[in-house]
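Remarks on the overall topology
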Amino acid sequence: MQLIKISSFLLVSVLFFSFSSNHTTNVSEGAGVFSCYINDKPFVVDSITASIRKITGGEKQLSLNNERFVKFTFMNPSAKNINLSSSTIREAYIRYEDPASNAMGVPVKGYINIISLDEENKVLSGEFEMEIKVIVNNNPKILKITKGKFSNIPIVFK
């Protein structure tokens, strides 16, 4: 009986250690995470990447794409705070796709703070909050995006 208890304890310990090791390994590989709350509901995308490319005129364009934010693009990106309320904003281009209707939305106010853009180590981190206006069946709808973060996003250069 004692041998069965010891064997069971060892098996549970090995399984727990194996799971913990795998989880830690995945995090240490630097997989990027994009997360926020959309109208107080959590939205998380693991293993997201960003791409930087040179465009016409020698400018740089950095883009993040996922299943809801069709475009999260920055022109000539750097570590800085971007006010999305400006009508003449050229630094950030955000497009949101409503999953229920496929209607496109754009921010009407908010900010994006690029905390770190490390081109040498190819990683991006930042935070954001915004209100997005989506028009569904001729009815405007405002989505509140809060506690937004993009953490350790790997950057691919194109």
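In case you missed it, the structure is sitting above this.
Residues numbered from 1 in each chain as written. Predicted model: local features only at pLDDT ≥ 70, side-chain atom pairs only at ≥ 80, totals over all residues. Heavy atoms only, no water.

**Points about the overall build of the protein**
The criterion, for reference: Note on conventions: DSSP H or I runs of at least 4 residues are helices, E runs of at least 2 residues are strands, and numbering of each starts at the N terminus. Burial classes follow relative accessibility: with a 1.4 Å probe on protein chains only, a residue under 20% of its type's maximum area counts as buried, one over 50% as exposed, and anything between as partly exposed. Note on definitions: a residue-residue contact is assigned when non-hydrogen atoms from the two residues lie within 4.5 Å.
Within the protein one finds one helix and 10 strands. Ordering the α and β elements of the protein from the N terminus gives α-β-β-β-β-β-β-β-β-β-β. A burial count over the protein gives 31% of its 158 residues as buried. Sequence separation of at least 24 residues holds for 51% of the intrachain contacts in the protein that already meet a minimum separation of 6.

**Concerning unusual backbone geometry**
In this structure, Asn-76 is a non-glycine residue whose phi angle is positive, near 45°. Tracing the chain through its elements places Asn-76 in the loop between strand 5 (69–75) and strand 6 (80–83). The exposure class assigned to Asn-76 is partly exposed, which follows from its relative accessible area of 33%.

**What about the environment of Met-130?**
Tracing the chain through its elements places Met-130 in strand 9 (residues 123–136). Note on Met-130: relative accessible area 4%, which makes it buried. Sequence separation between Met-130 and Tyr-111 is 19 residues; the distance between their C-alpha atoms is 6.2 Å. Those residues in contact with Met-130, other than ones at most four positions away along the chain, are Phe-72, Leu-84, Ile-94, Pro-107, Lys-109, Gly-110, Ile-112, Leu-143, Lys-144 and Ile-145.

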